[in-house]
Amino acid sequence: MDLAFDRQHIWHPYTSTLTPLTCYPVTHADGVFIYLEDGKALVDGMSSWWSAIHGYNHPRLNAAAHQQIDKMSHVMFGGITHQPAIEVCQRLLSLVPNNLEHVFLADSGSVAVEVSLKMALQYWHAKGEQRPKFLTLRHGYHGDTFAAMSVTDPDNSMHTLYKGFLPEHLFAKSPNTGFWEAWDERDIEDFRHQLTENHRQIAAVILEPIVQGAGGMRIYHPEFLRQVRALCDEFGVLLILDEIATGFGRTGKLFACEHANIQPDILCVGKALTSGYMTLSAALTTKEVADTVCGGEAGCFMHGPTFMGNPLACAVASASLSLIEEGHWQQQVKQIELGFAERLPLLNRYPQVKATRWLGAIGVVETHQPVNMEVIQALFVQHGVWIRPFGRLIYMMPPFISEPQHLDQLIQAVEAALQSPECFLSDAD
Ligand SMILES: *Cc1c(COP(=O)(O)O)cnc(C)c1O
């Protein structure tokens with residue numbers, strides 16, 4: 001592969017044209033393995049950012065894609081419908097919390113978040129109320145488009161860069177009580193205070209249930225979420241749950257909101273929806289929200305992307321959801337969780353480690369110093385694994401099909417990194 005061309009001309013996620021870092025050339029992937037151009041096999045610890053839950057090159061997902069592409073890859077969704085869209089929405093509605101009845105198919109997680117925010121704004125407009133604000137949590141992540149970014153952590157997503165253009169929303173303290181710890185009632189105080197003070201202005205609360213992903217890999221107590229739902233009900237504010245990272249089994253429940261036995265008014269899903277094959281997302285809502293939105297001035301929901309309901313993506317998503325319906329994920333995720341629970345606490349003995357945490361098929365090692373990306377990445381590749389840390393977070397969310405030996409290999413590689421001071425930046429850097 002022409003890596004020099006790549007370095008000179010192609011932007012990768014969050015990279016600089018001035019100091020491009022090494023990119024590893026991948027030729028194919030199969031099961032839990034990603035293959036480099038030189039033939040080396042890497043055990044995947046990332047599921048390509050939460051998405052490839054059933055692993056790569058899956059025979060049933062491949063078959064679904066092949067069958068669909070021979071019929072049609074895409075047709076517009078305005079005034080046209082098709083079997084793949086109907087089937088994937090039927091499956092989705094049978095899996096999500098049962099108050100949700102209407103599906104809006106979108107093309108990426110960020111767009112699903114945009115759609116959910118627009119739904120909430122149109123909802124209140126239709127009710128004749130001015131509610132221009134959203135309430136969310138610090139350390140959240142909801143995507144890179146402008147509205148999604150406006151409810152993402154202001155420091156992490158550098159709101160200062162876009163000042164004057166980016167809408168300013170309300171941020172409550174994120175919960176400190178970990179999932180497995182004893183609930184601390186003080187965790188909800190700031191959120192309650194903000195909602196009490198500002199609820200007449202707030203269209204919706206938007207947050208990631210149980211696991212805050214890219215904003216800090218924080219895994220918090222279900223009681224926080226239960227109280228958020230109760231407070232939203234008390235103050236008549238919509239609740240949007242962003243399950244783009246947590247949805248489809250990743251946390252040990254099909255949806256993370258099930259840990260707290262609550263239901264959202266609007267739900268965003270994406271990432272694992274097609275098990276990483278295609279880009280597809282959805283925002284789902286209740287009959288009450290949908291009908292109110294459509295009874296307003298516009299007479300419809302004001303959104304319609306070109307590639308909405310892409311049949312190829314829907315067909316693969318449908319096949320992925322049929323694998324979910326068969327239920328093997330429950331045992332698979334449980335086994336991965338047990339592996340993390342057994343192995344991660346042993347890493348706390350390394351001075352570099354600040355904390356370890358886990359839930360379902362998510363394992364996190366928080367370090368004192370930020371990683372040296374170039375060095376740690378090379379060490380992981382040398383150890384035959386693909387793990388991509390950021391800042392002070394080394395985290396794993398392997399495909400559900402990972403076997404104990406794959407998890408061993410991932411954790412051993414992390415341990416090797418913790419024993420290598422050169423993998424971390426020092427205060428002098
Ligand atoms: C990844 C992510 C998004 C954005 O999804 P994209 O497909 O990258 O646009 C939004 N919310 C959460 C919780 C995510 O993890």
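The rules behind each value
- Each chain has its residues counted from 1, following the order in which its sequence is written.
- Where totals are concerned, whole chains, interfaces and linings use all residues; where local detail is concerned, this predicted model gives features only for residues with pLDDT of at least 70, and gives and counts side-chain atom pairs only at 80 or more.
- The side-chain numbers reported here are obtained from all heavy atoms of the structure, hydrogens and water having been left aside.
- Of the two site types, the cavity is a set of points on a 1 Å grid over the protein atoms alone where a 1.4 Å probe fits but cannot get out, and the pocket is an open set with protein on both sides within 12 Å along at least five of seven lines, each lined by residues with an atom within 4 Å of a point.
- Grid points are joined across faces, edges and corners, and a volume is the space filled by probe spheres set on the points.
- Numbering of helices and strands starts at the N terminus; helices are DSSP runs of H or I of at least 4 residues and strands are runs of E of at least 2.
- Two strands are counted as paired when DSSP detects at least two bridges linking them.
- All axes here are fitted lines through C-alpha atoms, helices being fitted over the stretch that makes contact, and every angle between N-to-C directions spans 0 to 180 degrees.
- We define a salt bridge as a side-chain nitrogen of Lys or Arg found within 4 Å of a carboxyl oxygen belonging to Asp or Glu.
- Summary of the burial criterion: residues with accessible area below 20% of their type's maximum are buried, those above 50% are exposed, and those between are partly exposed, where the area comes from a 1.4 Å probe applied to protein chains only.

The protein chain has the name Adenosylmethionine-8-amino-7-oxononanoate aminotransferase in an unreviewed UniProt entry, where Vibrio furnissii is given as its organism.

(A) Up close: the layout of surface pockets. A volume near 260 Å³ is recorded for the second largest pocket. Lining the second largest pocket are 14 residues, with Gln-68, Lys-71, Pro-84, Glu-87 and Ala-315 positioned closest to its centre. Where the lining of the second largest pocket is concerned, the elements lending two or more residues are helix H3 (59-69), helix H4 (83-95) and helix H10 (311-326). At five residues, H10 tops the list of elements feeding residues into the lining of the second largest pocket.

(B) Local environment of the sheet that holds strand S6 (residues 170-172). In space, the seven strands of this open sheet follow the order S4-S12-S11-S10-S7-S5-S6, with mixed pairing throughout. For this open sheet the edge positions go to strand S4 (102-106) and S6, each flanked by a neighbour on one side alone. Recorded for the sheet is a direction-independent mean angle of 20° between the axes of neighbouring strands. Examined bridge by bridge, strand S11 (residues 266-269) and strand S12 (residues 281-285) share four bridges and lie antiparallel to one another. By the bridge assignment, Cys-268 is partnered in S12 with Ala-283.

(C) Expanded view of the pattern of salt bridges. Counted according to the given criterion, the structure contains 17 salt bridges. For Asp-233, the salt bridge goes to Arg-229, with nearest N and O atoms at 2.8 Å. With Asp-233 and Arg-229 both in helix H8 (residues 222-235) and four residues apart, the pair spans about one turn of that helix. With a relative accessible area of 10%, Arg-229 lands in the buried category. Residue Asp-408 is joined to Arg-343 by a salt bridge in which the shortest nitrogen-to-oxygen separation is 2.5 Å. One end of the pair, Asp-408, is in helix H13 (residues 404-418); the other, Arg-343, is in helix H11 (residues 328-343), with 65 residues separating them in the sequence. Several salt bridges converge on common partners, so that one network encompasses Glu-87, Arg-91 and Glu-325.

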